[in-house]
Amino acid sequence: MSASSKPFAEFWREYARSPVAVVALAVLMLLLLGASFAPYLAPQNPYDLASLRLEDSRTPPLGGAASGATYLLGSDVLGRDVLSAILYGLRMSLMVGLTAGIVAFAVGVSVGLFSAYRGGRVDALLMRLVDLQLSFPTLLVALILLAVLGKGLDKIVLALIIVQWAPFARTARAAALPQVHQEYMDAARVLRLPLWRQLLKHLLPNCLPPLLVVLTIQVASAILLESTLSYLGIGLPISEPSLGLLIANGSQFLLNGDYWISLYPGLALLLLVGSLNLVGDRLREYFNPRLRKGVMLPLDLAPAPRERQASRGSDADDRPLRVEGLSVVFDTPAGPLHAVDDVSLSVRRGEVLGLVGESGSGKSMTARAIMGMINAPGRVTAGQVLLQGVDLVAMGETELQARRGKDISLIFQDPTTALNPVLRIGSQMTEAVHAHRRVSDAQAQELAARMLARVGIPSPQERLAQYPHQLSGGMRQRVAIAIALLNRPGVVLADEPTTALDVTIQSQILAEFQGLAREEGMAAIWVTHDLGVVEGLTQSVAVMYRGRIVEQGPTHEVLAAPAHPYTRGLLDSLPAANTPGQRLRQIPGMVTSKVGKDPGCGFRDRCSRADERCATPVPVVRLGTADAPRSALCHHPLV
Ligand code: ADP
Ligand code: MG
């Protein structure tokens, strides 16, 4: 199996499942061949007036001509062979249709992708332009343009491009919009790929299926439009007849019964447009990997879980990540919403910190703010993120991008959106390596394979050649983790990456990650809403509620004796193995988002210990030792 023959064989196997599509492709190929080799195939050169025999005018197909010549499809009024005229006409129609379609594709898709990518005013302006273009009937615009431009091949192609780019732009934008905010595009931005590369390599392939359909429709409709214009006598000059002009020339003889002069060119046009559409449909199915049947791979056997033990010691000052007073505010119509409110935390080398809280408590926003990835309408309003002592908040975007993926990286929540579905695992991994290191492609492949093995993926070389849809959810998440760890960052953030996986797979991945963090001396933050994960994976924990960290400290101490009533509530709602038969208690009420600054405790409306004091600014209660500090944000701590 050579590398080049395999994708084609795969493509063909898939394509050939539809017999209609195979026939359509064969017809299209025949027409293309006929058009390409018209000068060699045609019995006569229809442009050469000297070769026409006027005495053979309107000879029926295979009928006896005055000159004794035989015309397979008959001859027209000038005694011109209809078959030859069709072959040359096909050539002309295809050339016009393809040129116009492809240029319109390039123009429209560039506009559409750029529009979706930039968003905002640029997007609004470009789309109004598209609306304007689409609101006029194509034929009318083409007629007016040709009236202004005049006759000729170049003029008609230009007119077709002008009337045809807009549907490409609209479709490209629509297809790109859901993609531009996917995590793999964030990742591409983080890698500082040039704009054209982000658009062409990462965005375009994911928007291709609908665009391919539009392309086939537009090429077919360009051919029809040109035929119509030529039929009306304002398209191509009579010296260069396309199919439309042939139909027009023959139509006046239809009433006399000389049907063949326009029928056969008409059939050729029908076959061309029809086969184009059928082939395009099949291509759409092929190029969309999600429409294809994926091969689920069996899971590997569980790797031996590593011993979990906090490695705390004298390295108290060795904290690659320190966050001080970080705040994120969303400007909403109801007022400012404090999604992250004065968050301070720090992580040691080799330590995993669990960031835990109910959905909506601000965990993801904290992780994104640390990465400098807060999008409008959100903004970081205060605080510092010290990465190896350097403040990321104060840093410019360019400098920040150079560090993301290299010194600090983020593992996203959903592996199905964190990986680009149309690029092979290997290509996505080597790209991440190349973005930060000067290594050869072979070295990058080697690094990628080794990292896949490290996160517990068997036969990594084979996986590199596969697409994300060929892997199971657990495998995909391992790949996403491997990508985040490729450049051996000192700090890693993980935003609930195993939430969607089943418990067994989740615990395998957690064990792998914990081992890696320790061996590599990484400082890690693992975001989760699951105290079970916190207990099994982390050495320290920070509990979030309504954007604030309400309690933090060493995991075993906090879980053994929580100081904040909210932490207590979370623990009570956890099914613990040592209290069988006991009913789980729920925290009454639900997290509500708060608009405006509230100095009091955010939990007081759900807290059984709350009194009027809880509406006043909450003190930080320091607990624990200098070596293992603990703190809680509460007027009435439990310890
Ligand atoms: P978590 O990850 O803990 O589930 P998030 O960090 O995603 O929570 O969100 C925290 C809060 O930020 C949410 O409760 C929500 O109120 C607010 N938020 C997030 N995105 C937006 C937005 N685009 N506009 C307004 N508020 C937002
Ligand atoms: Mg979240």
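Scroll up to find the structure this text is about.
In this text, all values refer to a predicted model and were calculated from it rather than measured experimentally.

Calculation notes
Residues numbered from 1 in each chain as written. Chains lettered and ligands numbered in written order. Predicted model: local features only at pLDDT ≥ 70, side-chain atom pairs only at ≥ 80, totals over all residues. Heavy atoms only, no water. Helix = DSSP H or I, 4+ residues; strand = E, 2+ residues; numbered from the N terminus. Contact = heavy atoms within 4.5 Å. Areas by Shrake-Rupley, 256 points an atom, 1.4 Å probe, with all protein chains shown as cover. Lys, Arg positive; Asp, Glu negative; His and termini not counted. Charge placed at Lys NZ, Arg CZ, Asp CG, Glu CD. Axes fitted to C-alpha atoms, helices over the stretch in contact; angles between N-to-C directions. Parallel < 35°, antiparallel > 145°, perpendicular 65-115°, else oblique. Left-handed = near helix turned anticlockwise from the far one by under 90°. Nonpolar A, V, L, I, M, F, W, Y, C, P; charged D, E, K, R; others polar. Near = heavy atom within 4 Å. Polar contact = N/O pair within 3.5 Å; in protein donor to acceptor, adjacent residues only side chain to side chain. Core = buried A, V, L, I, M, F, W, Y, C linked by side-chain atoms within 4.5 Å. Buried < 20%, exposed > 50% of the residue type's maximum accessible area, 1.4 Å probe, protein only. Pairing = 2+ DSSP bridges. Phe/Tyr/Trp six-rings, centres within 6.5 Å; stacked < 30°, edge-to-face > 60°. Expected span 1.5 Å × (residues − 1). Arc of directions from axis to C-beta. Patch = residues over 30% accessible without salt bridge, like charges linked within 9 Å, V, L, I, M, F, W, Y side chains within 5 Å. Salt bridge = Lys/Arg side-chain N within 4 Å of Asp/Glu carboxyl O.

Engineer: Where do I start with the overall build of the protein chain in this structure?
Structural biologist: Check the secondary structure of the protein chain and you find 22 helices and 12 strands. If you line up the protein chain on its principal axes, its C-alpha atoms span 115 × 55 × 50 Å. Pairs at least 24 apart in sequence give 69% of the contacts found in the protein chain among residues at least 6 apart. Entry remark: accessible area of the protein chain is about 29,100 Å², with carbon and sulfur atoms responsible for 61%. Mean positive and mean negative side-chain charge positions of the protein chain (59 and 53 charges, respectively) differ by 1 Å.

Engineer: Would you mind going over the packing of helix 7 (residues 153-180) against helix 9 (residues 195-231) with me for this structure?
Structural biologist: When two helices pack together, their arrangement is given by the angle between the helix axes and by the axis-to-axis distance. Contact geometry of helix 7 with helix 9 gives a least axis separation of 9 Å together with a crossing angle of 160°. Relative to helix 9, the element helix 7 lies roughly antiparallel. Of the two elements, helix 7 crosses helix 9, and the hand of that crossing is right-handed. Grouping the constituent residues of the contact of helix 7 with helix 9 by class yields 18 nonpolar, 6 polar and 1 charged.

Engineer: What should I look at first to understand the environment of S540 in this one?
Structural biologist: Within the secondary structure, S540 is located in strand 9 (residues 540-545). Spatially, the C-alpha atoms of S540 and A176 are 41 Å apart, while their sequence positions differ by 364 residues. Setting aside anything within four residues of it in sequence, one finds S540 in contact with E351, V352, L353, G354, G553, P554 and T555.

Engineer: Looking at this model, I keep getting lost on the site of ligand 1. Mind explaining?
Structural biologist: Within the structure, ligand 1 sits among 12 residues, and G360, G362, K363, S364 and M365 are positioned closest to it. Backbone polar atom of G360 to an oxygen atom of ligand 1: 2.7 Å apart, as the coordinates give it. The backbone of M365 places a nitrogen or oxygen atom 2.8 Å from an oxygen atom of ligand 1. For ligand 1, whose accessible area on its own is 570 Å², the fraction buried by protein is 70%. When residues in the shell around ligand 1 are grouped by element, the largest group, 3 residues, is from helix 12 (residues 363-371). When the residues that make up the shell around ligand 1 are grouped by side-chain class, the tally is 4 nonpolar, 6 polar and 2 charged.

Engineer: Would you explain the nonpolar core in this entry?
Structural biologist: The nonpolar side chains of a soluble globular protein tend to be buried with one another. Residues V109, L113, F168, L203, L211 and I223 are the most contacted members of the largest nonpolar core, which totals 57 residues. Here F168 is in contact with G101, A104, F105, G108, V109, L211, V214, L215 and Q218, once residues within four sequence places are set aside. Counting 38 residues, the second-largest nonpolar core is a separate cluster that includes V352, V479, L486 and I505.

Engineer: Help me understand the pairing of strand 12 (residues 629-633), please; the structure alone is not making it clear to me.
Structural biologist: Look at any regular strand and the pattern is simple: side chains alternate between the two faces of the sheet. Summarising burial for strand 12: 4 of the 5 residues are buried, a large majority. Here strand 10 (residues 548-554) runs beside strand 12; their pairing, made up of 2 bridges, is antiparallel. Residue E551 lies in a different strand from strand 12, and its bridge partner there is A632. For strand 11 (residues 620-624) and strand 12, the ladder comprises 5 bridges, and the chain directions are antiparallel. Residue pairing across strands places R622 opposite S631, the latter belonging to strand 12. Linking strand 11 back to strand 12 in an antiparallel pair, the connection comprises 4 residues.

Engineer: Would you mind showing me how to read the pairing of strand 6 (residues 408-411) here?
Structural biologist: Burial of the side chains of strand 6 extends over both faces: I408 and L410 are buried on one face and S409 and I411 on the other. Pairing of strand 6 with strand 7 (residues 491-495) involves 4 bridges; the strand directions are parallel. Its bridge partner lying in strand 7, I408 is registered against V491.

Engineer: What should I look at first to understand the side chain of D76 in this one?
Structural biologist: Secondary-structure assignment places D76 in the loop between helix 3 (38-41) and helix 4 (82-118). A distance of 3.0 Å separates a polar side-chain atom of D76 from the backbone nitrogen of L78. Not counting residues up to four positions away in its chain, the partners in contact with D76 are D56, S57, R58, V82 and I261.

Engineer: How should I be thinking about the environment of T504 in this particular structure?
Structural biologist: On the secondary structure map, T504 appears in helix 19 (residues 503-520). Judged by relative accessible area, which is 52%, T504 ranks as exposed. With 347 residues separating them along the chain, T504 and V157 place their C-alpha atoms 61 Å apart.

Engineer: Where do I start with the packing of aromatic side chains in this structure?
Structural biologist: Geometrically, a pair of aromatic rings is defined through the distance of the ring centres and the angle of the planes. Enumeration over the complete set of coordinates arrives at 9 aromatic pairs. Geometrically, the ring pair formed by Y259 and W260 is edge-to-face, given 5.4 Å between the ring centres and 85° between the ring planes. Assessed through its relative accessible area of 36%, Y259 is described here as partly exposed. Pairing Y545 with F603 gives two aromatic rings, centres 5.1 Å apart and planes at 80°, and the pair type is edge-to-face. Highlighted residues: Y545 in strand 9 and F603 in the loop between helix 22 (565-572) and strand 11, separated in sequence by 58 residues.

Engineer: Teacher, can you tell me more about the sheet that holds strand 10 here?
Structural biologist: Pairing between the strands of a sheet comes from backbone hydrogen bonds, and it takes one of two forms, parallel or antiparallel. Here 8 strands make up an open sheet; going across it, the order is 6-7-8-3-9-10-12-11 and the pairing mixed. Each having just a single partner strand, strand 6 and strand 11 make up the two edges of the open sheet. Between one strand and the next, the sheet's axes are offset by a mean angle of 20°, whatever the strand orientation. Across the sheet, helix 18 (residues 473-485) touches strand 6 and strand 7, and the angle it forms with strand 6 is around 170°. Against the sheet, helix 22 touches strand 9 and strand 10, its axis set at about 100° to strand 9.

Engineer: Would you mind going over helix 6 (residues 138-149) with me for this structure?
Structural biologist: Along an α-helix, a turn takes 3.6 residues, which lines up residues three or four apart on a common side. Between its terminal C-alpha atoms helix 6 stretches 16 Å, which fits the 16 Å expected from 12 residues at 1.5 Å a residue. Those residues of helix 6 not exposed but buried are V141, A142, L145 and L146. On an axial view of helix 6, the arc spanned by its buried residues comes to 130°, and they lie on one face. Exposed residues pointing more than 90 degrees away from the buried face of helix 6 are listed as A147 and V148.

Engineer: I keep staring at the sheet that holds strand 4 (residues 378-387) and nothing clicks. Help me out?
Structural biologist: Taken in spatial order, the 4 strands make up an open sheet running 2-1-4-5, and their pairing is antiparallel. Two strands close off the open sheet at either side, each with one partner strand: strand 2 (335-347) and strand 5 (390-391). Here strand 1 (residues 321-332) runs beside strand 4; their pairing, made up of 8 bridges, is antiparallel. Residue pairing for strand 4: F330 is matched across the bridge by G378. Of the strands in this sheet, strand 1, strand 2 and strand 4 touch helix 12, which is tilted by about 110° from strand 1.

Engineer: Please clarify how a nonpolar patch on the surface should be interpreted in this entry.
Structural biologist: On the surface, a nonpolar cluster with roughly 500 Å² of combined accessible area is contributed by L140, I144, V148, L149, L158 and I162. Sorting the residues of the nonpolar patch by element identifies helix 6 and helix 7 as the ones contributing at least two each. Among the elements that take part in the nonpolar patch, helix 6 stands out by supplying 4 residues, more than any other. Among the structural elements, I144 can be located in helix 6. According to the relative accessible area criterion, I144 is partly exposed, its value standing at 49%.

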